[in-house]
Amino acid sequence: MQILEHFEISAKPETIRVSALHALAYCPRLFYLEEVEELYTQDAAVFAGRRLHAELEKQEDEEWEELFLESEELGLRGRLDALRTRDGQTIPYEHKRGRAHRDENNQPQAWESDRLQILAYAYLLESAHGITVKEGRIRYHADNVVVHVPLDEAGRLKVKQAIQQARILRQSTYRPPVIDNERLCTRCSLAPVCLPEEARLAHNREWQPIRLFPEDDERQVIHILEPGTSVGRTGEQIKITRRNQPVETVPARQIGQIVLHSFSQISTQALHFCAAQDIGVHFISGGGRYLGSFDTRSGSIQRRIRQYAALSNPDACLELARKLVICRGQGQRKFLMRGTRSKAKTEKLEKAIAQMKAVLKQVPQAKSLESLLGYEGNLAALYFGALPDLISPEVPQELHFAGRNRRPPLDRFNAMLGFGYALLLKDVMNAILTVGLEPALGFYHQPRSQAAPLALDLLEIFRVPLVDMTVTASVNRGQWDTKADFEIRGKQVWLSELGRRKFVELYESRKQESWKHPVTGYSLTYRRLFELEVRLLEKEWSGEGGLFGQLILR
Ligand code: SF4
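What counts and how
- Residues numbered from 1 in each chain as written.
- Predicted model: local features only at pLDDT ≥ 70, side-chain atom pairs only at ≥ 80, totals over all residues.
- Heavy atoms only, no water.
- Helix = DSSP H or I, 4+ residues; strand = E, 2+ residues; numbered from the N terminus.
- Buried < 20%, exposed > 50% of the residue type's maximum accessible area, 1.4 Å probe, protein only.
- Areas by Shrake-Rupley, 256 points an atom, 1.4 Å probe, with all protein chains shown as cover.
- Pairing = 2+ DSSP bridges.
- Axes fitted to C-alpha atoms, helices over the stretch in contact; angles between N-to-C directions.
- Contact = heavy atoms within 4.5 Å.

Colleague: Give a detailed account of the overall build of the chain, specifying residues and quantitative values.
Modeller: Looking only at helices and strands, the chain features 18 helices and 21 strands. A buried classification covers 54% of the 554 residues belonging to the chain. Total accessible area on the chain is roughly 26600 Å²; 50% of this is exposed by carbon and sulfur atoms.

Colleague: Now, about the environment of Arg-304: what can you tell me, with residues and values included?
Modeller: Note on placement: Arg-304 falls in helix 11 (residues 301-311). The exposure class assigned to Arg-304 is buried, which follows from its relative accessible area of 7%. C-alpha of Arg-304 to C-alpha of Glu-438: the two residues are 134 residues apart in sequence and 6.1 Å apart in space.

Colleague: Quick one: what's the story with the pairing of strand 18 (residues 486-489), residue by residue and with numbers?
Modeller: Sheet topology note: the strand 18/strand 19 (residues 492-495) ladder contains four bridges and is antiparallel. Looking at strand 19, one finds that Glu-487 is bridged to Trp-494. Taken together, strand 18 and the strand that follows it, strand 19, pair antiparallel across an intervening segment of two residues, in which Gly-490 is found at a positive phi of about 65 degrees.

Colleague: Lay out the sheet that holds strand 17 (residues 290-293) with the relevant residues and their values.
Modeller: Here we have four strands laid out as an open sheet, ordered 10-14-16-17, and mixed in their pairing. Strands at the two margins of the open sheet, each flanked by one partner only, are strand 10 (220-224) and strand 17. Taking the axes of each pair of neighbouring strands and ignoring which way they run, one obtains an average angle of 20 degrees across the sheet. Taken together, the three bridges between strand 16 (residues 280-284) and strand 17 define a ladder with antiparallel strand orientation. Bridge pairing in strand 17 places Ile-284 opposite Tyr-290. Against the sheet, helix 17 (residues 497-511) contacts strand 10 and strand 14 (255-261), and its axis sits at roughly 165 degrees relative to strand 10.

Colleague: An account of unusual backbone geometry is requested, with residue identities and associated values reported.
Modeller: Within the chain, Asn-106 stands out as a residue other than glycine whose phi angle is a positive 65 degrees. Looking at the secondary structure, you find Asn-106 in the loop between strand 6 (101-102) and strand 7 (108-109). Notably, Asn-144 is not glycine yet its phi reads approximately 50 degrees, a positive angle. With respect to the secondary-structure elements, Asn-144 resides in the loop between strand 8 (135-140) and strand 9 (145-150).

Colleague: Tell me about the sheet that holds strand 12 (residues 237-241), and name the residues and values.
Modeller: With respect to topology, four strands assemble into an open sheet ordered 13-12-11-15, the strand pairing being mixed. Because the sheet does not close on itself, it has two edges, and the strands there are strand 13 (248-251) and strand 15 (265-266). Here strand 11 (residues 230-234) pairs with strand 15 via two bridges, running parallel. By the bridge assignment, Val-231 is partnered in strand 15 with Ile-266. Helix 10 (residues 268-276) contacts strand 11, strand 12 and strand 15 of the sheet and is inclined by roughly 65 degrees relative to strand 11.

Now the structure itself:
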């Protein structure tokens with residue numbers, strides 16, 4: 001009986017927020033991203049709007065009355081900005097920070113989305129309180145005008161149609177396309193996650209996108225390298241307590257990630273706080289192996305359903321895997337070519353560069369993941385075979401590279417590569433979790449170890465620019481102390497705590513370097529590029545593909 005009651009309650013369709021109808025009238029895709037995919041950004045305009053309402057609450061006279069309304073019959077709910085009585089009529093008010101729309105006679109009018117919103121509030125008021133509401137009013141604060149919007153049968157029909165459209169979209173796994181009016185996108189708070197300009201570029205390769213992607217992330221990545229350190233929360237700050245050192249506090253808004261290396265602790269309160277503040281939390285072992293990330297599984301299931309549907313198709317996986325192998329191979333080859341600019345080309349380098357070109361030509365014809373693995377193996381063998389020729393002869397012999405080895409690393413160069421790839425895997429996971437994709441479902445790597453296949457896939461396109469180049473350049477610049485920066489245990493070679501600290505600094509500063517994306521044409525840091533590539537990957541199965549995996553070194 002109880003179960004039945006529960007079922008009846010939960011079977012009722014949830015009412016729609018009036019503010020969601022406002023988003024729907026602005027752009028159906030905006031409605032979908034907010035209401036279905038649960039994506040929100042707190043941009044400056046949103047904060048300014050909130051501030052306006054907070055100030056109004058303080059300033060308004062006794063007529064101010066914020067009112068929550070819900071009508072199951074109509075299927076709407078919402079919070080009115082203000083309700084006033086004028087000449088015996090009850091009138092809902094909506095406050096807007098910006099200016100009113102001007103018609104051809106320069107008369108102030110409501111914007112379409114604002115019009116639908118105030119009509120919806122007026123109709124909701126009628127439905128919830130059983131009264132007649134003749135109009136709603138919108139006050140535009142920037143030009144200090146009040147626009148009257150009458151509620152008539154046409155207005156009520158419009159609201160009902162919008163509710164119906166919202167219900168249909170809420171049930172759909174299909175993300176609506178970007179709107180034609182690109183001017184609306186420049187003012188849209190979700191442009192950084194919607195990437196409308198990149199979607200237009202995907203459909204029209206002549207399009208020159210403007211960058212609506214978020215500014216470069218200035219927030220810190222805090223690496224806790226000292227064993228025995230504990231991380232906690234105090235108020236709105238993260239508190240770091242290291243052994244024999246003064247306690248450090250950092251405001252949460254300044255932190256993008258916390259990376260716990262070795263045996264350090266983080267409190268449950270701090271974890272909850274980090275989840276609420278979108279601060280990534282990652283774990284790396286004392287030996288420099290990526291262990292995992294704190295995954296709160298936030299965001300809607302629709303994104304993952306689309307990912308499952310797309311990556312269950314072997315042809316789609318093969319196509320993406322080809323792009324990945326080409327992207328990585330081209331990056332490796334370009335790096336070898338770059339290395340020859342300042343030095344005389346060695347025969348080995350020239351040969352590898354030419355052979356890699358020949359292999360890369362064959363990759364588009366690969367008919368299976370297995371044959372791709374073969375091509376990838378050939379490219380890797382050629383690349384790593386020639387990489388030692390990029391190391392300057394002045395570099396001490398202990399730091400030279402004599403071929404790839406891993407788990408455990410057997411020389412200093414491989415110890416650095418291994419630690420670098422672990423940091424990279426952590427950053428790729430951070431981007432996947434930020435975008436809300438399923439890390440366990442990839443298109444190339446097969447699930448066989450604890451590492452998430454999608455993260456391993458994406459790792460491939462960043463290895464050369466973020467790690468291989470950082471290691472090679474720092475070795476050639478003589479930045480490593482062969483004794484203090486490494487620990488030798490039998491045949492195994494690891495970075496010491498000092499070495500790891502040095503590597504983290506080099507790696508983080510490499511991530512801050514700006515770089516011009518070859519497809520979108522705008523500049524961004526490598527740090528932002530992680531997120532952009534994951535979003536471009538998602539576009540591959542959202543009808544806006546063709547831009548992913550084009551990372552080519554210049
Ligand atoms: S950026 Fe443009 S297309 Fe995307 S949700 Fe906003 S208004 Fe719609």
